[in-house]
Amino acid sequence: MDKQRFVKAITALHEYYGKDISSAVMELYWIGLCQHTNEELESAVMRHIANPDTGQWMPKVADLVKMMEGTTQDSAWQAWTKVERGISSAGTYRSVAFDDPIIHLVIDDMGGWIELCQTQAKEIPFIQKRFEQIYRSYKIRGELPPHKPYLIGSAEAQNNMKGYPSDPPKLIGNPELAQRTLQLGSDKPKIPVTVARAAVKALESLADEEPF
């Protein structure tokens, strides 16, 4: 995302609602939204101000994220469709880099790319549910822990043991964002998502309760 264009959009948004914005608040908007494109942000802004239900209020970061991504459940389902696309196009053999770094975090938590690709067909519904639950946990936490730049396939795993070079990972999804995932990835340890997972379970238990 181009920051100058971003600042112009957020400044215009605040002027529309008659609000001032400090440099510190602008930075908060940037941190929360910079992973999206300028076009996505500008579209979200226009859809928010035209929304008859919420358009009378100044949107916070979460409002614009929801406008662009939907709910955490929506995002988790969309992420899983990308994983299925990656499995069908790359399979166990190829290393892969997704355009969503949270996908890397979730698959790493689930045992890695190779293990996921070897899942039997009858287990897919259970694996999908687990994937979506963990994905929502990271989304709810609201911060992105260190993530691997890409997920290693069986060919690279074997080449690493023999000291052979490997092909670059296959990019899944938006190529520019997948490249960004590669560039920003690292091998630093993640912070556990236990608390966030508990939050997801609490939300799900509330949803299952009978209404008063």
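Up top you'll find the structure we're talking about.
Computed from a prediction, not measured in an experiment: that's the story for all the values here. (Residues numbered from 1 in each chain as written. Predicted model: local features only at pLDDT ≥ 70, side-chain atom pairs only at ≥ 80, totals over all residues. Heavy atoms only, no water.)

Caption draft 1: Spatial organisation of the layout of surface pockets. Roughly 1,200 Å³ of volume is contained in the largest pocket. Along the walls of the largest pocket sit 39 residues, with Gln35, His36, Glu69, Ile102 and Lys139 positioned nearest its centre. For the lining of the largest pocket, the secondary structure elements donating two or more residues are helix H2 (23-33), helix H3 (38-49), helix H4 (61-69), helix H5 (72-89), helix H6 (101-109), helix H8 (124-141) and helix H10 (175-184). Tallying contributions element by element places H4 first for the lining of the largest pocket, with six residues. (1 Å grid on protein atoms, 1.4 Å probe; cavity = no way out; pocket = protein on both sides within 12 Å on 5 of 7 lines; lining within 4 Å. Points joined across faces, edges and corners; volume = space filled by probe spheres on them. Helix = DSSP H or I, 4+ residues; strand = E, 2+ residues; numbered from the N terminus.)

Caption draft 2: Examining the packing of aromatic side chains more closely. Under the criterion given, the structure shown has five aromatic pairs. Among the aromatic residues, ring-to-ring pairing joins Trp80, Phe131 and Tyr135 into one connected group. (Phe/Tyr/Trp six-rings, centres within 6.5 Å; stacked < 30°, edge-to-face > 60°.)

Caption draft 3: Looking closely at the side chain of His104. Assignment of secondary structure puts His104 in helix H6. For His104, a relative accessible area of 1% translates into the label buried. A polar contact of 2.9 Å, which involves the side chain of His104, links it to the backbone nitrogen of Phe98. The residues contacting His104, other than those within four sequence positions of it, are Val96, Ala97, Phe98, His147, Lys148, Pro149, Tyr150, Leu151 and Thr181. (Buried < 20%, exposed > 50% of the residue type's maximum accessible area, 1.4 Å probe, protein only. Polar contact = N/O pair within 3.5 Å; in protein donor to acceptor, adjacent residues only side chain to side chain. Contact = heavy atoms within 4.5 Å.)

Caption draft 4: Spatial organisation of the environment of Trp77. Considering the arrangement of structural elements, one finds Trp77 in helix H5. For the pair formed by Trp77 and Gln128, sequence separation is 51 residues and the distance between their alpha carbons is 8.7 Å. If near-sequence neighbours (up to four positions away) are discounted, Trp77 is found in contact with Gln128 and Glu132.

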